[in-house]
Amino acid sequence: MENENPDRHDLGPSPPRAPPGADDIRAQLARMFNSDEFPQVGRSVSFLVYVTEEALAGRSDRIKGYNIAVEVFKRPEGFTQDDPVVRIEAGRLRRALERYYLVAGQDDPVTIDIPKGGYAPSFTWKAPAGAESIENEVASAEEPPRRLAWKYFMPVAIGAAVGLSVVIIGLTVSSYLTVQTKSSPAIGGPTLVIVPFVNFGNGPQAALYATGLTEELLTALPRFKEIKVFGRETSKSLSPDTETARIRDELGARFLLKGAVRVAGNAVRVTARLLDTDTDEILWSQTYDDQIQTRDMFAIQSDVANKVATAIAQPYGIIAQAIVAKPPPNDMGSYRCTLPFYAYRAELSPVRHAEVRECLESVIDRFPTFATAWAMLSIIYLDQDRFKFNPRNDGSSPIDLSLHAARRAVQLDPGNARAQQALMTGLFFTQKVPEALRVGEQALKTTPNDTELLGEFGTRVAMSGDWQRGAELLDQAIALNPGGGGYYHGTRALAAYMLHDDQTAVREIRQADLQKFPLFHSVAAVIYVDAGMMDDARREANLFHEMRPDFIRNIVAELKSRNIQPDDRARMISDIRKAGLPAEDEVRSTMLVPTDGAVAVWPR
């Protein structure tokens, strides 16, 4: 038995696997560049190709910041190391590589990395050769003549394969770079830098908390697609006392987030401040207190990070307010439509609707891969139908356009909160209510602190018949964003009306105060009827009828199209009639033929 299969015993330990060759590395580059998970914009591709080819050519000693700046980023020969472009782009490239190998590249054979401390790449096999390779070596050891022949043939075969791979990969990379340059220009928008939070506590626990909170913020803030956040490498390279002038001049960022953590015994205090780097002004400051003995430290970190991110980065948050007050002088064409979109949502007027629709349509013509613009345009098209804002006579269906734009946005960026919001709303108004609510639930799990999404989802839930849960979701949106759009309060007022909470309904409708939005007045009328405020009810009903005289004829169809349940429809129609408008009840309306187009009812 001990002499059985002697060749296997003679092999001994398998020799170390040779590192990846040039053809393996170039094949890996092509695999990455053709993946949707690798960056579609910026200089990451050019950066990676340059350092890889330099390394393969044996010139790793030339891979320095100066050479990269001149040869990749086309800086002039007088470039100085004060320009942080290479350091910043290297950080972005490292994050892109990390994400790629976590998602699309899990099973790729070769790992390409840019180790910190330099810019020269490393190339390694993802895993050592498997059992199958060992078995093949054993089998080939039993056939020495064939193995000897292969030994001489292999260099020729590899040489031919390398030559062919270089040609194919060169064409692939060249084509890829050309496509990206033409179709994916950079998108503008407000930029934010987070410096490490200062540790004012004692002991390792306080230091760990400060570091962990910074990491949580670097995770929470990028979820808000309307802002851009410099990544971990940039953050870690800065000191907590970094001046705003340096952030402005070297990184070109408009906003700086800094703060401090103090841990004393079981008490934790976090202070956070947002600064405008143009003026050195403190735009926002907040203190958060908690107790380690009652809550896990990691839960506290996550909670504080989410509160900070929501306060400063949400659609109506501190950054948005600062931009509206002082638009950047070189505002990019694509970004110039996003803030007017939110201003329109806060006002809901036909004039702003027309302006934003025109702006967003021009943006997607120039930036066809800008997911947020597609999502916003989807909502604008939907408003064209549900509010009858600025109808067109070109034969197009606003609902179809809305759903198409929403699906396009989700295709471009599946995690985009605005894209998910648009898809949810479009599905809701094409009577696909269960599917719409599923999309909303999933989107809320991904971005639970986006108040625009939270408010819209609460509205959809409420109008589909679950007024109690809808009210709770809307309360969350209002609590997170008390200065948000008036339609939050308007929808919450409608939910309170349906729940027979007159006091809350009256308070919320007054806070909504959407005087330019006709349907605001219809909801105000029924709320005031229910509260016994008949003079106010008749006034609001008359204003509504003056602004939208064709609404009443089609009230039943309109309420049905918005998925309002039968009992709720009957109640609203009854109260509209009490306010003085000649609305037909549901039974009688089925015997009448509509004579005009439909008009939406709040809040759609």
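Fair warning: this is a prediction, and the values are worked out from it, not measured in the lab. (Residues numbered from 1 in each chain as written. Predicted model: local features only at pLDDT ≥ 70, side-chain atom pairs only at ≥ 80, totals over all residues. Heavy atoms only, no water.)

Participant: Got a sec to walk through the overall build of the protein chain? Specific residues and values, please.
Facilitator: What the protein chain contains, in helices and strands, is 27 helices and 8 strands. Taken across its 604 residues, the protein chain has 48% of its residues classed as buried. For the protein chain, restricting intrachain contacts to residue pairs at least 6 apart in sequence, the fraction spanning at least 24 positions comes to 63%. Here the protein chain displays about 28,300 Å² of accessible surface, and carbon together with sulfur accounts for 54% of that area. (Helix = DSSP H or I, 4+ residues; strand = E, 2+ residues; numbered from the N terminus. Buried < 20%, exposed > 50% of the residue type's maximum accessible area, 1.4 Å probe, protein only. Contact = heavy atoms within 4.5 Å. Areas by Shrake-Rupley, 256 points an atom, 1.4 Å probe, with all protein chains shown as cover.)

Participant: Which residues make up the pairing of strand β7 (residues 267-276), and what values do they have?
Facilitator: Looking down a regular strand, the side chains alternate between one sheet face and the other. Relative to β7, strand β6 (residues 255-264) is paired through 10 bridges, and the arrangement is antiparallel. Looking at β7, one finds that Leu256 is bridged to Leu275. Strand direction decides the pairing type here: β7 and strand β8 (residues 281-291), joined by 10 bridges, are antiparallel. When the sheet's bridge partners are listed, Ala267 is paired in β8 with Gln291. Between β7 and β8, which follow one another and run antiparallel, lie 4 residues, and Asp280 among them has a positive phi close to 65 degrees. (Pairing = 2+ DSSP bridges.)

Participant: Quick one: what's the story with the pattern of salt bridges, residue by residue and with numbers?
Facilitator: Enumeration according to the criterion identifies 27 salt bridges in this entry. Two residues, Arg62 and Glu71, come together in a salt bridge whose shortest N-O distance is 3.0 Å. Close ionic contact of Arg460 with Glu456 constitutes a salt bridge, the shortest N to O distance being 2.7 Å. Of this pair, Arg460 and Glu456 both sit in helix α19 (residues 451-463), separated by 4 residues, roughly a single helical turn. Of the residues examined, Arg460 reaches a relative accessible area of 1% and is grouped as buried. Because the salt bridges share partners, they merge into one network encompassing Glu54, Arg59, Arg62 and Glu71. (Salt bridge = Lys/Arg side-chain N within 4 Å of Asp/Glu carboxyl O.)

Participant: Can you break down the packing of helix α2 (residues 22-33) against helix α3 (residues 44-56) residue by residue, with the values?
Facilitator: Packing of α2 against α3 brings their axes to within 11 Å, and their N-to-C directions diverge by 175 degrees. Taken together, the axes of α2 and α3 lie roughly antiparallel to each other. Within the contact between the two elements, α2 uses Ala22, Ile25, Arg26, Leu29, Met32 and Phe33 and α3 uses Val45, Leu48, Val49, Thr52, Glu53 and Leu56. Tallied by class, residues from the contact of α2 with α3 come to 9 nonpolar, 1 polar and 2 charged. (Axes fitted to C-alpha atoms, helices over the stretch in contact; angles between N-to-C directions. Parallel < 35°, antiparallel > 145°, perpendicular 65-115°, else oblique. Nonpolar A, V, L, I, M, F, W, Y, C, P; charged D, E, K, R; others polar.)

Participant: Could you give me a rundown of the environment of Lys516, with the residues and numbers involved?
Facilitator: Within the element layout of this structure, Lys516 appears in the loop between α22 (502-512) and α23 (518-530). Counting along the chain gives 31 residues from Lys516 to Met547, while the straight-line C-alpha distance between them is 9.3 Å.

Participant: Account for the confidence of the model for the protein chain, naming residues and giving values.
Facilitator: Residues at a pLDDT of 70 or more form 77% of the protein chain, whose mean pLDDT is 77. Across residues 128-187 the pLDDT falls below 50, and counting only partners more than four positions away or on other chains, this stretch makes 47 contacts in the model. Scored below 50 in pLDDT, residues 329-333 makes 5 contacts in the model with residues more than four places away or belonging to other chains. (pLDDT = per-residue confidence, 0-100.)

Participant: Can you tell me about the environment of Ser46, naming the residues and giving the values?
Facilitator: With respect to the helices and strands, Ser46 occurs in helix α3. Separated by 27 residues in sequence, Ser46 and Phe73 have C-alpha atoms that sit 8.9 Å apart.

Participant: Outline the side chain of Arg571, listing residues and values.
Facilitator: Turning to its location among the elements, Arg571 is positioned in helix α26 (residues 566-578). A relative accessible area of 15% means that Arg571 is categorised as buried. Looking at Arg571, its side chain comes within polar contact range of the side chain of His500, at 3.4 Å. When near neighbours in sequence (up to four residues on either side) are disregarded, Arg571 contacts Tyr497, Met498, His500 and Asp530. (Polar contact = N/O pair within 3.5 Å; in protein donor to acceptor, adjacent residues only side chain to side chain.)

Participant: How would you summarise the packing of aromatic side chains if you had to cite specific residues and measurements?
Facilitator: The final tally for this structure, using the stated rule, is 9 aromatic pairs. Where Phe38 meets Tyr100, the ring centres are 6.4 Å apart and the plane angle is 80 degrees; that geometry is what we call edge-to-face. With a gap of 62 residues between them, Phe38 in the loop between α2 and α3 and Tyr100 in helix α5 (residues 85-102) connect regions that are remote in the sequence. Residue classification places Phe38 among the buried residues on the basis of a relative accessible area of 1%. Exposure remark for Tyr100: the relative accessible area of 1% places this residue in the buried category. A ring pair is formed by Tyr100 and Tyr101, whose centres lie 5.2 Å apart and whose planes are at 80 degrees; its orientation type is edge-to-face. Among the aromatic residues, those joined into a cluster by ring pairs are Phe38, Tyr100 and Tyr101. The lysine or arginine in question, Arg345, covers the ring of Tyr487, its NZ or CZ lying 4.6 Å from the ring centre. In this structure, Arg571 packs its charged tip against the face of Tyr497, placed 4.0 Å from the ring centre. (Phe/Tyr/Trp six-rings, centres within 6.5 Å; stacked < 30°, edge-to-face > 60°. Lys NZ or Arg CZ within 6 Å of the ring centre and 35° of its normal.)

Participant: I'd love a proper account of the nonpolar core, names of residues and values included.
Facilitator: Judged by nonpolar contacts, the single largest core of 91 residues is most densely connected at Leu360 and Ile527. Once you skip the residues sitting within four places of it in the chain, Leu360 turns out to touch Cys337, Phe341, Ala373, Met376, Leu377 and Ile380. Residues Tyr209, Leu274, Ile300 and Ala309 belong to the second largest nonpolar core, which totals 35 residues. (Core = buried A, V, L, I, M, F, W, Y, C linked by side-chain atoms within 4.5 Å.)

Participant: Mind laying out α22, listing which residues take part and the relevant values?
Facilitator: Considered for burial, the residues of α22 that qualify are Thr504, Ala505, Val506, Glu508, Ile509 and Ala512. Elements in contact with the buried residues of α22: α20 (467-480), α21 (486-498) and α23. Where α22 terminates, the next one or two residues include Asp513, which has phi positive at roughly 50 degrees.

Participant: Any chance you could break down helix α15 (residues 371-386) for me, citing the residues and the numbers?
Facilitator: Across its 16 residues, α15 extends 23 Å between first and last C-alpha, which sits within 8% of the 22 Å expected from 1.5 Å per residue. With respect to burial, α15 is a largely interior element, 15 of its 16 residues being buried. (Expected span 1.5 Å × (residues − 1).)

Participant: Describe in detail the packing of α15 against helix α17 (residues 417-428), supporting the description with residues and values.
Facilitator: In contact at an axis separation of 8 Å, α15 and α17 are set at 25 degrees when each is read in the N-to-C sense. One element, α15, and the other, α17, form an angle in the roughly parallel class. Seen from above, α15 lies across α17 with left-handed handedness. Note on element contacts: α17 touches α15 through Arg418, Ala419, Gln421, Ala422, Thr425 and Gly426, opposite Ala375, Met376, Ser378, Ile379, Leu382 and Arg386. Classifying every residue of the contact of α15 with α17 gives 6 nonpolar, 4 polar and 2 charged. (Left-handed = near helix turned anticlockwise from the far one by under 90°.)

Participant: Which residues make up unusual backbone geometry, and what values do they have?
Facilitator: Of note, the phi angle at Asp280 is positive, near 65 degrees, even though the residue is not glycine. Along the chain, Asp280 turns up in the loop between β7 and β8. Residues other than glycine seldom take positive phi values, yet His500 does so here, at roughly 60 degrees. Along the polypeptide, His500 turns up in the loop between α21 and α22. When its relative accessible area of 57% is taken as the criterion, His500 is described as exposed.

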